[in-house]
Amino acid sequence: LDVKEYDILMDVMLDSETEELSLVSIELERKLQSLLMPRLAGCTGNRRRLRTVSLILNALVDAEVPMDGICLPDAEIPCHRYVIHLYIYVESIVSSADFSEEIMAKFREAPLVERLELASPFKNITVVDILSGNISTSQPVSPSTDPTFAPVTYPTTAAPTRSPTRVPSVNP
């Protein structure tokens, strides 16, 4: 399996300003993960479609509000620019494919506030752009808990001869 990374920029408009933007982020992330990511991976209801239909095997989401995020000029206030970090797991054979269009299609199928079943303070969500990222292995190497020892040097097993020999020797 390989992991492909995408950043999805979206403007999240609220019906009122909130001091608890972290709670808004948690709710958005939770709904994206539970309602939209299974559809992206080809799951319908409790049943998974065949892998030949969906090349994406799994997807994970992380929602972040960057400090300098400015919404589009036509966005309703209050608005916060979110970066949705999306990690999709794909078969290694399709790791070079770009899934940007497929991802954007899923995000734009219908109004996200309705599709994600978001209540107040969510008012509207506009998907602005998608940025393709790196490919990495899905099986990271975890650090060892065992201490690292200095390399061991062993003495040579036989002393070198004084002069070269013409016949190989089994016992030097």
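This text follows the structure it describes.
Okay, so let's go over this structure. (Residues numbered from 1 in each chain as written. Predicted model: local features only at pLDDT ≥ 70, side-chain atom pairs only at ≥ 80, totals over all residues. Heavy atoms only, no water.)

## Details of helix 1 (residues 21–40)
1) Next: Compared with the 28 Å implied by 1.5 Å per residue over 20 residues, the 26 Å span of helix 1 between its first and last C-alpha is a close match.
2) Next: At Gln33, helix 1 shows its maximal bend, which comes to roughly 35°.
3) Next: Residues of helix 1 that are buried include every one of Val24, Ser25, Leu28, Lys31, Leu32, Leu36, Met37 and Leu40, and no others.
4) Next: Looking one or two residues past helix 1, Gly42 carries a phi angle of roughly 90°, positive in sign. (Helix = DSSP H or I, 4+ residues; strand = E, 2+ residues; numbered from the N terminus. Expected span 1.5 Å × (residues − 1). Bend = angle between axes of the 7 residues up to and from the residue. Buried < 20%, exposed > 50% of the residue type's maximum accessible area, 1.4 Å probe, protein only.)

## Focus: the pattern of salt bridges
1) Next: Applying the stated criterion across every chain, the model contains six salt bridges.
2) Next: Among the ionic pairs, Glu76 bridges to Lys123, the shortest N-O distance being 2.8 Å. Here Glu76 is found in the loop between strand 4 (56–64) and strand 5 (79–90), whereas its partner Lys123 is found in strand 6 (residues 122–137), with 47 residues between them in sequence.
3) Next: Between Lys106 and Glu109 there is a salt bridge whose closest N-O contact spans 3.7 Å.
4) Next: Since its relative accessible area comes to 16%, Lys106 is described here as buried.
5) Next: Members of the salt-bridge network, linked through shared partners, are Arg39, Lys106, Glu109 and Arg115. (Salt bridge = Lys/Arg side-chain N within 4 Å of Asp/Glu carboxyl O.)

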